[in-house]
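A closer look at the structure
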Amino acid sequence: SSIRYTPATICAIATATGRGGVGVIRVSGRDLLPFAAALSGGKTITPRYALYTDFLAADGSAIDNGLLLYFPAPHSFTGEDVLELQGHGGPVVMRMLLSRCVELGARLAEPGEFSRRAFLNDKMDLAQAESVADLIDAASESAAKGALKSLKGAFSDEVHALVDGLITLRMLVEATLDFPEEDIDFLKAADATGKLEQLRQRLEKVRATARQGAILREGMHVVLVGQPNVGKSSLLNALAGDDVAIVTDIAGTTRDTVREEILLDGVPMHIIDTAGLRETEDVVELIGIERTWQAVERADLALVLVDSQEGVDEGLERILARLPTGLPLVFVFNKIDLTDGQPEQDTHNGHPSVYLSAKTQAGVDLLKARLLQMVGFSAGAEGVYLARARHMDAIGRAAEHLTLAATGWQQIEIFAEELRLAQNALSEITGEFSSDDLLGVIFSRFCIGK
Ligand code: GDP
Ligand code: ZN
């Protein structure tokens, strides 16, 4: 493919700072053999073979020694000539080595610039490039697995397959536009609606899988409901485990915590505690409460906490009545250690329920599993794509256009146009239709060296 930018040589430390025994500097650009020769003192360099060498300063003294790897274009991460210098990793030495690279004509890479070049040189598509960033940021093993899978292109492959299917169907529909008398019959004979239906089902499958990835990334939104002293804070601590501090964010209200964030097996859980939503005359507090209720509208589920000794009372019923209709509920009967109850799953008024003790932690695992399952996430599930909100949004728009295509298919122009819009939406995921601005935004979020 053609090179669509000025290919300055760029360099960066590619390993995390201040960690590990080995530090890697990555250099990417054109014709890096002279660069490598200057660094190694003219040693013979074989592509893709590790060369053990001193890394030399301008005066010929050794800055460090380690391995030099040379990946000639186009068979490299960026598609350009790439050098990897593996040194001993101390921050001072790494910095000296980096300065040496700048001396040799490289400039420091911007965040995401290596991945951006890989994208521009068709080494990976946009969804893959983003998964590089996700892999680095992954908070859990499942998140990392999902990112890796996306990086290998599984997500992109699936999106491409859908786009191909759409193109085939569009060709069929657009062809009939030239023969207005026969169009409907022609489309019927070609089973256009059947083909559309298949594409819709396939898109829904992708959506479900991507949604799991989105949950990993964005987390689940939970409303916490319960009377004072039923054990809400205790339960959150039990769910978060020992090693994760609960972060609180007091939004507009005075005394009570309204929002909390915990990690549930690596899945972020954003919690809105309705205990903070009491009646008030305070204007500022009212604004905060109004915002919180808006957030409740977007929640994935409500966690209804009940003291096993007390049961569900009227006050709790009143709060439940204020929740959005159709919001999935999970009842938690807490303090079973005080009632000799057993940890178990059950149902309450047709909603799932869990009996547990936040104090002894008995049954907390049952609740964890239940919550992850209810938002559609199964830990360690194969086939998770680490989708982003951007991807989910594009998939959602594609699905809408396919629905419009299905209902309006007898007006061929509408049918054709909706298919085209669906294809465009999907193509945004892999970057075929992205503007440079969008690319800038996406890659600038990367860390330097990737
Ligand atoms: P919140 O007001 O709903 O947040 O309730 P807290 O988490 O502050 O708990 C209120 C009281 O109940 C505290 O004294 C807790 O130690 C106690 N508590 C919470 N969960 C349990 C439990 O499972 N068993 C017992 N025995 N006490 C609990
Ligand atoms: Zn509390």
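Reading guide: rules and limits
Residues numbered from 1 in each chain as written. Chains lettered and ligands numbered in written order. Predicted model: local features only at pLDDT ≥ 70, side-chain atom pairs only at ≥ 80, totals over all residues. Helix = DSSP H or I, 4+ residues; strand = E, 2+ residues; numbered from the N terminus. Buried ≥ 20, exposed ≤ 12 C-beta atoms within 10 Å, placed from the backbone. Contact = placed C-beta atoms within 7 Å. Near = placed C-beta within 6 Å. Nonpolar A, V, L, I, M, F, W, Y, C, P; charged D, E, K, R; others polar. pLDDT = per-residue confidence, 0-100. UniProt positions renumbered as here; feature names shortened; annotations may be inferred. Pairing = 2+ DSSP bridges. Core = buried A, V, L, I, M, F, W, Y, C linked by C-beta atoms within 7 Å. Domains from an automatic or database assignment.

**Details of the overall build of the protein**
Each helix and strand in the protein was counted, giving 15 helices and 14 strands. For the protein, the proportion of its 450 residues judged to be buried stands at 41%. A fraction of 66% describes how many contacts in the protein between residues 6 or more apart in sequence connect residues 24 or more apart.

**Remarks on the site of ligand 1**
In the vicinity of ligand 1, 15 residues are found, and the nearest of them are Gly231, Lys232, Ser233, Ser234 and Lys359. Looking at which element gives the most residues to the shell around ligand 1, the answer is helix H9 (residues 232-240), with three residues. Taken together, the residues of the shell around ligand 1 sort by class into four nonpolar, seven polar and four charged.

**Quick word on the environment of Val24**
Mapped onto the elements, Val24 comes out in strand S2 (residues 23-29). Measuring from C-alpha to C-alpha, the distance between Val24 and Met94 comes to 8.1 Å, with 70 residues separating the pair along the chain. Here Val24 is in contact with Ala14, Thr15, Glu84, Leu85 and Gln86, once residues within four sequence places are set aside.

**Things to note about the confidence of the model for the protein**
Here the protein averages 80 in pLDDT, and 76% of its residues register 70 or above. Considering only residues more than four positions removed or in separate chains, one finds that residues 243-256, a stretch of pLDDT under 50, has 32 contacts.

**Considering helix H3 (residues 113-120)**
Extensive coverage of H3 is indicated by the burial of eight of its eight residues. Looking one or two places after H3, you find Asp122, whose phi comes out positive at around 60 degrees.

**Things to note about the UniProt feature "binding site: Mg(2+)" (unreviewed entry) in the protein**
Sites flagged by UniProt as "binding site: Mg(2+)" (unreviewed entry) map to Ser233 and Thr254. With respect to the secondary-structure elements, Ser233 resides in helix H9.

**Re the pairing of strand S13 (residues 344-348)**
Bridging between S13 and strand S14 (residues 351-355) involves five bridges; their strand directions are antiparallel. The residue of S14 that forms the bridge with Gln345 is Val354. Here S13 folds back onto S14, and the loop between the two strands holds two residues, one of which, Asn349, carries a positive phi near 50 degrees.

**Here we look at the nonpolar core**
Counting 63 residues, the largest nonpolar core has Cys11, Ile25, Val27, Leu83 and Leu426 as the members making the most contacts within it. Among the elements that make up this core, the one with the highest residue count is helix H14 (residues 412-430) (eight residues). The two domains that each donate at least three residues to this core are domain 1 (10-122) and domain 2 (148-216 + 384-431). Setting aside chain neighbours within four positions, we find Val27 in contact with Thr9, Cys11, Leu32, Phe35, Val82, Leu83, Cys101 and Ala106. Judged by nonpolar contacts, the second largest core, of 35 residues, contains Val225, Leu239, Ile271 and Leu372.

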